[in-house]
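# Architecture and fold: a report
In case you want the letters, here they are:
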Amino acid sequence: MVRIRTTTLQERKRAGEKITALTAYDYPTAKILDECGIDIVLVGDSCANNVMGLPDTLGITMDDMVRHVKMVSRAVEHALIVADMPFLSYQVSTEEAVRNAGRFVAEAGAHAIKLEGPADKFGDVIRGILRAGIPVMGHIGFTPQSVHQIGGYKVQGRGEEARARLREEALSLQEAGCFALVLELVQADVAAEITTSLDIPTIGIGSGAGCDGQVLILHDILGFHPPRSYFKVYENVAEGIRRAVNTYIQEVKDGSFPSEEHEHR
Ligand code: KIV
């Protein structure tokens, strides 16, 4: 399989072919995703709440993220690896942002980075990272690092003013040089409208089927969290782990382990 590059994704959009993306935070799951032929492996800062047991994405650090991106990049041979810039890694200054984005590429093996927020706040940061030769994926709509400012997990783009603002933000991020744009919890019709108006691909999460591609959190679709309206559980792996562990505990307790086939001969 050939390596997916940012340009491959743009060719996909032009050809009308959908783009697939999932999160991964470690070697074994990233390897499975890559072997299945996923286009983008996103090492999301959602690692904070899916793997580290934190309540939201605000507590994960650059060092945490670099460690997880390294695990993923050791496994992936085909997909584009996008590393998520964590809270406070790009908001303070362009210089810090470029250095942190550079760590993801040089130390950890990422191919691109993603950051949350519009170009009127982060245009300079985006241009600085691009000057260093690192592709940037934008992320608008619901942006989890601003959850306290937004006032909760809410669908974005309701009302004419909000729709116009989202359309404008999408265009400015394209003009700033982003190679793709995540649209999170954006009203489906607005997301579809943005998708047709842009040259770069949109990757939706909870934003309807009209985007150029979709991204979901692996732990969500494997049953680690109760299903929500925008994702389904494709396979209840969490339940499978529970069953396996309970069987093991039972076998150890009732003396049926080790069974004959487990014994060394
Ligand atoms: O961190 C993450 O997993 C993300 C997705 C929700 C797009 O940013």
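One can find the structure itself at the top, above this paragraph.
Residues numbered from 1 in each chain as written. Predicted model: local features only at pLDDT ≥ 70, side-chain atom pairs only at ≥ 80, totals over all residues. Heavy atoms only, no water.

## Topic: the site of the ligand
Which entries qualify depends on this criterion: Being near a molecule or strand, for a residue, comes down to having at least one heavy atom within 4 Å of it. Whenever a nitrogen or oxygen atom comes within 3.5 Å of another N or O atom, the pair is scored as a polar contact, on the condition that within protein one atom can donate a hydrogen and the other can accept it, and that pairs from neighbouring residues in sequence are kept only if both atoms are in side chains. Where accessible areas are quoted, they stem from the Shrake-Rupley method and a 1.4 Å probe; at the residue level, only the protein chains shown are allowed to cover. Here the nonpolar group is Ala, Val, Leu, Ile, Met, Phe, Trp, Tyr, Cys and Pro; Asp, Glu, Lys and Arg are the charged ones; every other residue, Gly included, is treated as polar.
Residues in contact with the ligand, as listed here, are Thr23, Leu42, Gly44, Asp45, Ser46, Asp84, Lys114, His139, Val182, Glu184, Ile205 and Val215. Between an oxygen atom of the ligand and a side-chain N or O atom of Asp45, the distance comes to 2.9 Å. Here an oxygen atom of the ligand and a side-chain polar atom of Ser46 are 2.5 Å apart. For the ligand, the accessible surface in isolation is 260 Å², of which the surrounding protein chains cover 97%. Residues that form the shell around the ligand fall into these classes: four nonpolar, four polar and four charged.

## Quick notes on the sheet that holds strand 1 (residues 19-23)
The pairing of strands in a sheet comes from backbone hydrogen bonds and takes either a parallel or an antiparallel form. Where we set the bar: Only strands joined by at least two bridges in the DSSP assignment are considered to pair. The helix and strand labels rest on DSSP assignments: H or I over at least four residues marks a helix, E over at least two residues marks a strand, and numbering proceeds from the N terminus. Interaxial angles span 0 to 180 degrees and are taken between N-to-C directions of axes, which are lines fitted to C-alpha atoms, for helices over the stretch in contact.
With respect to topology, eight strands assemble into a closed barrel ordered 1-2-3-4-5-6-7-8, the strand pairing being parallel. Within this sheet the neighbouring strands show an average axis-to-axis angle of 25°, counted without direction. Both strand 5 (residues 136-141) and strand 6 (residues 180-184) contribute to a ladder of five bridges, which runs parallel. In the strand pairing of strand 6, His139 is matched with Val182.

## What to know about the side chain of Asp56
Inclusion rule: Note on classification: 1.4 Å probe, protein chains only; a residue is buried when its accessible area is under 20% of the maximum for its type, exposed when over 50%, partly exposed between these limits. Counting rule applied: Lys, Arg positive; Asp, Glu negative; His and chain ends not counted. The salt bridge definition used is simple: a Lys or Arg side-chain nitrogen within 4 Å of an Asp or Glu carboxyl oxygen. Two residues form a contact once any of their heavy atoms are found within 4.5 Å.
Locating Asp56 in the fold gives a position in the loop between helix 3 (47-50) and helix 4 (62-75). Although Asp56 is buried, it makes no salt bridge; Arg228 carries the closest opposite charge, 12 Å away. In this structure the side chain of Asp56 is engaged in a polar contact, spanning 3.0 Å, whose partner is the backbone nitrogen of Leu58. Residues within four places of Asp56 in sequence aside, it is in contact with Ala48, Asn49, His148 and Tyr153.

## Topic: helix 2 (residues 27-36)
Condition: Summarising the geometry, the arc corresponds to the directions from the helix axis toward the C-beta atoms.
Here helix 2 has its buried residues at Ala30, Leu33 and Asp34. The arc that holds the buried residues of helix 2, viewed along the axis, is 95°, so those residues lie on one side. Those residues of helix 2 that are exposed and angled more than 90 degrees off the buried face are Ile32, Glu35 and Cys36. Considering only its buried residues, helix 2 is in contact with strand 1, strand 2 (40-43), helix 4 and helix 10 (218-221). Positioned one or two residues after helix 2, Gly37 has a phi angle of 95°, which is positive.

## What about empty space enclosed by the protein?
Going by this rule: Cavity: a set of points on a 1 Å grid over the protein atoms alone where a 1.4 Å probe fits but cannot get out. Pocket: an open set with protein on both sides within 12 Å along at least five of seven lines, its lining residues, like those of a cavity, having an atom within 4 Å of a point. Grid points are joined across faces, edges and corners, and a volume is the space filled by probe spheres set on the points.
Enumeration over the complete set of coordinates arrives at one cavity of 30 Å³ or more. Space inside the largest cavity adds up to approximately 30 Å³. Lining the largest cavity are Ala21, Ile40, Leu42, Met137, Val182, Ile203 and Val215. In the lining of the largest cavity, the residues fall into seven nonpolar, no polar and no charged.

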